[in-house]
Amino acid sequence: MEQGQAARATREAVPTVSRVAIIGSGVSGLAAAKQMAAYDPVVFEATPSVGGVWKHCVYRTTRLQTPRPSYEFSDYSWPNRDDPAFPTHTEVVDYLEDYADEFDLWRYISFGSKVVDIKFLGGAKAGFTELWSGTGKAPLQGKPTWEVGVATGGSDIVQYYKFEFVVMCTGKYGDVPRMPVFPLGKGPEVFKGRVMHSLDYCKLSEEETVELMRGKKVVVVGYKKSAIDLANECVQANQGEGGQACTMLVRTLHWMVPSYSIWGLPFFMFYSTRFSQLLYERPNQGFFRSLLCRLMSPLRAGVSKFIESYLSWKLPLAKYGLTPDHPFVEDYASCQLAFVPEGFFDMADRGLVRFQRALNGWWLSENGVVLEDGTEVEADLVFLATGFEGKDKLREVLPKPFRGVLVNNSSMMPLYHGTIHPLIPNMAFVGFVESASNLRTSELRCRWLAGLLEGRFELPSVEAMMGHVAGEADAMRRTTRFYQRHCISTYSIHDSDAMSADLSSATHHKSNWMAELFAPYNKEDYKKQ
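Residues numbered from 1 in each chain as written. Predicted model: local features only at pLDDT ≥ 70, side-chain atom pairs only at ≥ 80, totals over all residues. Heavy atoms only, no water.

Caption draft 1: Structural view of the confidence of the model for the protein. Summarising the model, the protein shows a mean pLDDT of 90, and 97% of its residues fall at 70 or more. Under a pLDDT of 50 for its full length, residues 1–6 has, in the predicted model, 0 contacts with residues more than four places off or in other chains. (pLDDT = per-residue confidence, 0-100. Contact = heavy atoms within 4.5 Å.)

Encoded structure:
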């Protein structure tokens, strides 16, 4: 035990002036620390542990929605990667801790260090130049750009440290809940029961969650992964004598997926090969690529219909009025898919889970939830699985004027290659773009970012980068109605190619053209060359 603790010795002191700061030690923070180890980075972590949302924002039944081999670092495999079961959240945390062990990342981390303020040390126009950070290249020039204010151990005392470069890895989930806005006199203040956001539920022990829900009439507001997991736990707590059904309040329908097989075919065939991604628009494509996409539209629609037919056969969506009126691809293209826990609809068939549509809004009354048509759903406990405001975490610490330009007109962060904000100098953001495998995406972005710090390539002009990001928003807007989420699922290989090209690495990784077109891209293809 003592040897294990010694191996995990963390940073004892933070220098007054350093080169690189990394804020957060979740998946992205650990990947950044590994890739930027040459700069002896300081990793500020507000909590006592690594893992981010996998440690602090999950339920006891939460599992990864991706098979193990699709969710691992390029240079570190799962010890049991052949296990077909989706990993539990505790397995994910163990994997991340083992990764930190393998590459001795603990020595960079300062636990219990909450970043509460960031000050800009450059001039008034430093963030609004023709080239990013004034030069568009090699941002480490030996001069501090940011001053980071940190409160440790729950203290109100803030200590400031200076850095040349800051990597924000605080993520989109956890910390700041997204709360619905209620009409006057129709909010939690009139409800006799208890209203709780899923974030607060995550902080409870298993015994506390069971006691909270047992024998209660529970309404879960939402219909994506966190809401489905909450309803699953509600049913488990209420099985047996005296148990009550859990009601899910569904406003926007999304397609659910029961497994990674569609009519016996592996899911990757439809979206994760070069050939499959030829069917979908990619950002900033040329005339002939656009023409190809137009010609491929019948095949693209056919693929979506093929998947929808399987889901409608496999799941009783029509029975419960849960069949979406939009194509499957729109959910995939916006990272809106949710995998159904095993036996979830069996519980619905037994009357333990109920579904109530709330198309035009809802509010609270003394006894429960009221829908716009006057329908009242009685409740003792209302869970708000309404998501998080990850950008608000950034706004809280970023100084003016940068907090004002954090998002664009599409409510998205305009991040070039999902990493660099053209108007915010010497700062990067990792973990704010979604894909089919966020871990792999974050790792490659951190490798690309390390290449930028090393001066291996130069960035385009600020105007060109903003145009590139606008092209991404336009492509997403044409592909899915849910484009506000920055999701690269339908063009992830193209996205990776662009970063590999900047690093002067090969963009084609397979042994022959057949494999290049029809085999899925995985961690083996992105091992450091």
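Caption draft 2: The sheet that holds strand β8 (residues 218–221), seen in detail. Read from one edge of the open sheet, 5 strands run β7-β18-β8-β9-β14, paired in parallel fashion. What marks the edges here is a single partner per strand, and that holds for β7 (194–197) and β14 (353–357). The mean angle between the axes of side-by-side strands here comes to 20°, regardless of whether they run parallel or antiparallel. Pairing between strand β9 (residues 246–250) and β14: 5 bridges, direction parallel. Its bridge partner lying in β14, C246 is registered against V353. Contacts from helix α6 (residues 206–213) reach β7, β8 and β18 (381–384), with the element oriented near 125° to β18. Running over the sheet, helix α7 (residues 225–238) touches β8, β9, β14 and β18 and is turned about 165° from β9. (Pairing = 2+ DSSP bridges. Helix = DSSP H or I, 4+ residues; strand = E, 2+ residues; numbered from the N terminus. Axes fitted to C-alpha atoms, helices over the stretch in contact; angles between N-to-C directions.)

Caption draft 3: Spatial organisation of the pairing of strand β16 (residues 368–371). Where strand β15 (residues 362–364) and β16 come together, 3 bridges link them in antiparallel fashion. From the neighbouring strand, L364 faces β16, where its bridge partner is V369. Count of turn residues in the β15/β16 antiparallel hairpin: 3 residues. Pairing of β16 with strand β17 (residues 376–378) involves 3 bridges; the strand directions are antiparallel. Within β17, the residue paired with G368 across the bridge is E378. The antiparallel pairing of β16 with β17 creates a hairpin that spans 4 residues between the two strands, and G374 there sits at a positive phi of about 95°.

Caption draft 4: Spatial organisation of helix α4 (residues 89–102). An ideal rise of 1.5 Å per residue puts 20 Å on 14 residues; α4 measures up with 20 Å between its terminal C-alpha atoms. All of the buried residues along α4 are H89, V92, V93, Y95, L96, E97, Y99 and A100. Where α4 is buried, its residues touch α2 (27–35), α3 (53–56) and α15 (438–454). (Expected span 1.5 Å × (residues − 1). Buried < 20%, exposed > 50% of the residue type's maximum accessible area, 1.4 Å probe, protein only.)

Caption draft 5: Geometry of the pattern of salt bridges. One pass over the full model with this rule turns up 27 salt bridges. With a shortest N-O distance of 2.7 Å, D392 and R395 are connected by a salt bridge. Highlighted residues: D392 and R395, both in helix α14 (residues 390–397), separated by 3 residues, approximately one helical turn. By relative accessible area, which is 28% here, D392 ends up partly exposed. Given a relative accessible area of 29%, R395 falls into the partly exposed group. Here the salt bridges do not stand alone but share partners, grouping R8, E97 and D101 into one network. (Salt bridge = Lys/Arg side-chain N within 4 Å of Asp/Glu carboxyl O.)

Caption draft 6: How the structure looks around the environment of N438. Checked against the element boundaries, N438 lands in helix α15. A sequence separation of 233 residues divides N438 from S205, and the C-alpha atoms of the two residues are 27 Å apart. Among the polar contacts listed, one links the side chain of N438 to the backbone nitrogen of S435, at a separation of 2.9 Å. (Polar contact = N/O pair within 3.5 Å; in protein donor to acceptor, adjacent residues only side chain to side chain.)

Caption draft 7: Seen up close, the state of the cysteines. Tallying each qualifying case throughout the model produces 1 disulfide. Here C335 connects covalently by a disulfide to C487, the sulfurs 2.1 Å from one another. Judged by the torsion about the S-S bond (70°), the C335/C487 disulfide is right-handed. Of this pair, C335 sits in the loop between α12 (328–333) and β13 (338–339) while C487 sits in the loop between α16 (462–479) and α17 (492–502); the two residues are 152 residues apart in sequence, bridging distant segments of the chain. Judged by its relative accessible area of 17%, C335 is buried. Note on C487: relative accessible area 1%, which makes it buried. Here C57 is not cross-linked by a disulfide; its sulfur's nearest cysteine counterpart is in C202, at 4.0 Å. Classification of C57 as buried rests on a relative accessible area of 17%. Residue C169 stays outside any disulfide, its sulfur separated by 5.7 Å from that of C446, the closest cysteine. (Disulfide = S-S within 2.5 Å.)

Caption draft 8: Structural context of empty space enclosed by the protein. On inspection of all chains with the given rule, the structure shows 1 cavity of 30 Å³ or more. Each pocket or cavity is described by its volume, and for the largest cavity that value is around 50 Å³. For the lining of the largest cavity, the element with the most residues is α16, which contributes 3 residues. Of the residues in the lining of the largest cavity, the class split is 5 nonpolar, 3 polar and 1 charged. (1 Å grid on protein atoms, 1.4 Å probe; cavity = no way out; pocket = protein on both sides within 12 Å on 5 of 7 lines; lining within 4 Å. Points joined across faces, edges and corners; volume = space filled by probe spheres on them. Nonpolar A, V, L, I, M, F, W, Y, C, P; charged D, E, K, R; others polar.)

Caption draft 9: Representation of the side chain of T62 in the model. Residue placement: T62 occurs in the loop between α3 and α4. Within polar-contact distance, the side chain of T62 engages the backbone nitrogen of Y59 at 2.9 Å. If we skip the residues at most four places from it in the chain, T62 touches W54, T88, H89, K225 and D229.

Caption draft 10: Representation of the environment of T61. Position of T61 relative to the elements: it lies in the loop between α3 and α4. Spatially, the C-alpha atoms of T61 and P341 are 9.1 Å apart, while their sequence positions differ by 280 residues. Residues contacting T61, with those up to four places away along its chain left out, are D229, N232, E233 and Q236.

Caption draft 11: Inspection of the sheet that holds β15 at higher detail. Read across the open sheet, the 3 strands follow the order β15-β16-β17; overall the sheet is antiparallel. What marks the edges here is a single partner per strand, and that holds for β15 and β17. Averaged over all neighbouring strand pairs, the angle between strand axes comes to 25°, with direction disregarded.

Caption draft 12: Structural context of the layout of surface pockets. Computed from the structure, the second largest pocket encloses a volume of approximately 660 Å³. Counting only elements with at least two residues in the lining of the second largest pocket, the list comes to α7 and α13 (344–349). Residue classes in the lining of the second largest pocket are distributed as 13 nonpolar, 7 polar and 7 charged.

Caption draft 13: The arrangement of the packing of α2 against α4 in detail. At a closest axis distance of 11 Å, the pairing of α2 and α4 adopts a crossing angle of 15°. For the element pair α2 / α4, the angle class is roughly parallel. Between α2 and α4 the crossing geometry is left-handed. Contacts between α2 and α4 pair V27, L30, A31 and K34 from the former with L96, Y99 and A100 from the latter. Along the lines of polarity and charge, the residues of the contact of α2 with α4 split into 6 nonpolar, no polar and 1 charged. (Parallel < 35°, antiparallel > 145°, perpendicular 65-115°, else oblique. Left-handed = near helix turned anticlockwise from the far one by under 90°.)

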